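Below, each chain spelled out in residue letters.
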Amino acid sequence: MTEAGARTIPVREGEDFVPEIVLGFLRTAIPDLPPGALRIRQFPTGASNLTYLLEVGGWRGVLRRPPLGPVPPKAHDMVREARFLERLHPVFSLAPRPFAVCEDPSILGAPFHVMEYREGAVIAFGFPDGIEPSSALSRRVGETVVRTLAELHDVNIEEAGLSDLGHPEGFLERQTHGWIGRYEGAKTEEIPEVGPLTAWLARRVPESPPPSIIHNDYHLKNLLFDAGNPSRIVAVLDWEMATIGDPLMDLAISLSYWLEPGDPPALSEFLSTITREPGFPGRRDFAELYARESGRDLGEMAWYLPFAYFKLAVILQQIYARWVRGQTRDPRFEGMGRTVRAIVEHSWSLARSGGGL
């Protein structure tokens, strides 16, 4: 098994595909692909799109496709993600370079794209083997995460040629009503706090600062670190929801994934727990460092953070609904309904108490 393969698993039952068909596409799309058979393994950690490691000779790539079964309109758009990366990669090197895009659903049953493979470590649940954890290292990791987010938000939209891939005017209004609608479409049971929470969010939408490129799902599970020096990021992954929008929304999403001691226990069932370890900055320190690095005013975070938690709950609810409806058999999702309820309750608690930072 290759070093890359050690972090992958055999392709899960029902999520496989015919290697020869994909190899034929690759040979047409990537002229310098070396000779040899296509070897396929699956990255096991994603809870939404399906991601595979492809190897042909010494070449490696990563294939991303939507989940199986029906998906919400405009969600899991792999073609858009690849087009976004084509423009972003030259000006933000941590965004992987896309190799090929397939819009023909007859090959895999859905459009997909293939991008470059980056060697690195996901540290969401622990440091790489051979790395001795320390408070100083954890602090450097946290600061690198914040500074990388600020660097992304500093990318010039016009120079990147990305201004046509987003609609920043009215961004927060659309986000608010859009995610409320997505929740209703994926609802599987009644959660009493949803009604008052969504009404509170809809009444208090703030005015956005000037727009920037935003990742929209920036957290430790989507970051690859140098295995020998975990304070250095080598790639930012999963750009499906990236757009031009409100940078404070991006910050709030990051904060919603950033656990600290004292958070409700149910949050740790799905979120990374490493940030509760000594040395990692808390959410307030994270936000204050971002404010210094970016120069942005964080005075409205009391709205943004409850909304970010609600958005996270909706994303998990959409996944859970697929499990309830039999569209996925992944056993990780069976108990996700409890996590959704806990996050909604936490979001409503923050809204009532003033934001939580």
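All figures in this text were calculated on a predicted structure; none of them were measured in a lab.

**With respect to the overall build of the protein chain**
Okay, step 1: Across its full length, the protein chain carries 11 helices and 9 strands.
Okay, step 2: Since a compact globule built from 357 residues should have a radius of gyration of about 21 Å, the 20 Å found for the protein chain is in line with a globular shape.
Okay, step 3: Projected onto the principal axes, the alpha-carbon positions of the protein chain cover approximately 60 × 45 × 40 Å.
Okay, step 4: A burial count over the protein chain gives 55% of its 357 residues as buried.
Okay, step 5: By element, 51% of the accessible surface of the protein chain is carried by carbon and sulfur atoms, the whole surface being about 15300 Å².
Okay, step 6: Each charge sign in the protein chain was given a centre, from 37 positive and 47 negative side chains, and these centres are 2 Å apart.

**Comments concerning the packing of aromatic side chains**
Okay, step 1: Using the criterion set out here, one finds 11 aromatic pairs in the structure.
Okay, step 2: Geometrically, the ring pair formed by phenylalanine 127 and phenylalanine 280 is stacked, given 6.4 Å between the ring centres and 15° between the ring planes. Of this pair, phenylalanine 127 sits in the loop between strand E5 (112–116) and helix H4 (135–153) while phenylalanine 280 is found in the loop between helix H8 (247–257) and helix H9 (283–294), placing the two residues 153 residues apart along the sequence. Across the pair, phenylalanine 280 and phenylalanine 127 agree in class, each one buried.
Okay, step 3: Ring centres of tryptophan 303 and phenylalanine 307 lie 5.1 Å apart, and the angle between their planes is 10°; this geometry places the pair in the stacked category. With tryptophan 303 and phenylalanine 307 both in helix H10 (residues 301–324) and 4 residues apart, the pair spans about one turn of that helix.

**Observations regarding the pattern of salt bridges**
Okay, step 1: Inspection of every chain in the model, using the stated rule, returns 20 salt bridges.
Okay, step 2: Across the pair glutamate 119 and arginine 60 runs a salt bridge, and its minimum N-O distance is 3.3 Å. You can see glutamate 119 sitting in the loop between E5 and H4 and its partner arginine 60 sitting in strand E3 (residues 59–65), a full 59 residues away along the chain.
Okay, step 3: Look at arginine 60 and you get partly exposed, because its relative accessible area is 25%.
Okay, step 4: We note a salt bridge from glutamate 260 to arginine 283, for which the minimum N-O separation is 3.3 Å. Taken as a pair, glutamate 260 in the loop between H8 and H9 and arginine 283 in helix H9 lie far apart in primary sequence, 23 residues in all.
Okay, step 5: Accessibility expressed as a relative area gives 22% for glutamate 260, which makes it partly exposed.
Okay, step 6: On the basis of relative accessibility, which here comes to 6%, the residue arginine 283 falls in the buried class.
Okay, step 7: The network of salt bridges with common partners includes Arg139, Glu143, Arg147, Asp285 and Glu293.

**Thoughts on the packing of helix H7 (residues 194–203) against helix H11 (residues 336–353)**
Okay, step 1: Look at H7 against H11: their axes get within 10 Å of each other, and the N-to-C directions meet at 50°. Judged on the interaxial angle alone, H11 and H7 are oblique. Considering how the two elements wind past one another, H7 and H11 form a crossing that is left-handed. The residues of H11 that touch H7, namely those facing Val194, Pro196, Leu197 and Trp200, are Val344, Ser347, Trp348 and Ala351.
Okay, step 2: In the contact of H7 with H11, the residues fall into 7 nonpolar, 1 polar and no charged.

**Topic: H11**
Okay, step 1: For H11, built from 18 residues, the straight-helix expectation of 26 Å at 1.5 Å per residue is met to within 8% by its first-to-last C-alpha distance of 26 Å.
Okay, step 2: Those residues of H11 that sit buried are Met336, Gly337, Thr339, Val340, Ala342, Ile343, Val344, His346, Ser347, Trp348, Leu350 and Ala351.
Okay, step 3: Contacts made by the buried residues of H11 are with H7 and H10.
Okay, step 4: One or two steps after H11, the chain reaches glycine 354, where phi turns positive at roughly 110°.

**Digging into the sheet that holds strand E2 (residues 50–56)**
Across a sheet, strands are paired by hydrogen bonds formed along the backbone, either parallel or antiparallel in direction.
Okay, step 1: The 5 strands are arranged E1-E2-E3-E5-E4 in an open sheet whose pairing can be described as antiparallel. Single-partner strands in this sheet number two, and they are strand E1 (39–42) and strand E4 (98–102). Neighbour-to-neighbour, the strand axes of the sheet open up by a mean angle of 25°, direction not taken into account.
Okay, step 2: One ladder, built from 7 bridges, connects E2 with E3; its direction is antiparallel. Bridging from a neighbouring strand, leucine 53 pairs with valine 62 of E3.
Okay, step 3: Where helix H1 (residues 19–29) meets the sheet, its contacts fall on E1, E2, E3, E4 and E5, and the angle it forms with E4 comes to roughly 120°.

**Focus on the confidence of the model for the protein chain**
Okay, step 1: Confidence along the protein chain averages 91 in pLDDT terms, with 95% of residues attaining 70 or more.
Okay, step 2: Ranking the helices and strands of the protein chain by mean pLDDT puts H4 first, with 98, and helix H3 (residues 105–108) last, with 89.
Okay, step 3: Overall, residues 1–6 carries pLDDT values under 50, and its contacts beyond four positions in sequence, including any with other chains, amount to 11 contacts.

Conventions used here
- Residues numbered from 1 in each chain as written.
- Predicted model: local features only at pLDDT ≥ 70, side-chain atom pairs only at ≥ 80, totals over all residues.
- Heavy atoms only, no water.
- Helix = DSSP H or I, 4+ residues; strand = E, 2+ residues; numbered from the N terminus.
- Rg over C-alpha atoms; globule rule 2.2 N^0.38 Å.
- Buried < 20%, exposed > 50% of the residue type's maximum accessible area, 1.4 Å probe, protein only.
- Areas by Shrake-Rupley, 256 points an atom, 1.4 Å probe, with all protein chains shown as cover.
- Lys, Arg positive; Asp, Glu negative; His and termini not counted.
- Charge placed at Lys NZ, Arg CZ, Asp CG, Glu CD.
- Phe/Tyr/Trp six-rings, centres within 6.5 Å; stacked < 30°, edge-to-face > 60°.
- Salt bridge = Lys/Arg side-chain N within 4 Å of Asp/Glu carboxyl O.
- Axes fitted to C-alpha atoms, helices over the stretch in contact; angles between N-to-C directions.
- Parallel < 35°, antiparallel > 145°, perpendicular 65-115°, else oblique.
- Left-handed = near helix turned anticlockwise from the far one by under 90°.
- Contact = heavy atoms within 4.5 Å.
- Nonpolar A, V, L, I, M, F, W, Y, C, P; charged D, E, K, R; others polar.
- Expected span 1.5 Å × (residues − 1).
- Pairing = 2+ DSSP bridges.
- pLDDT = per-residue confidence, 0-100.

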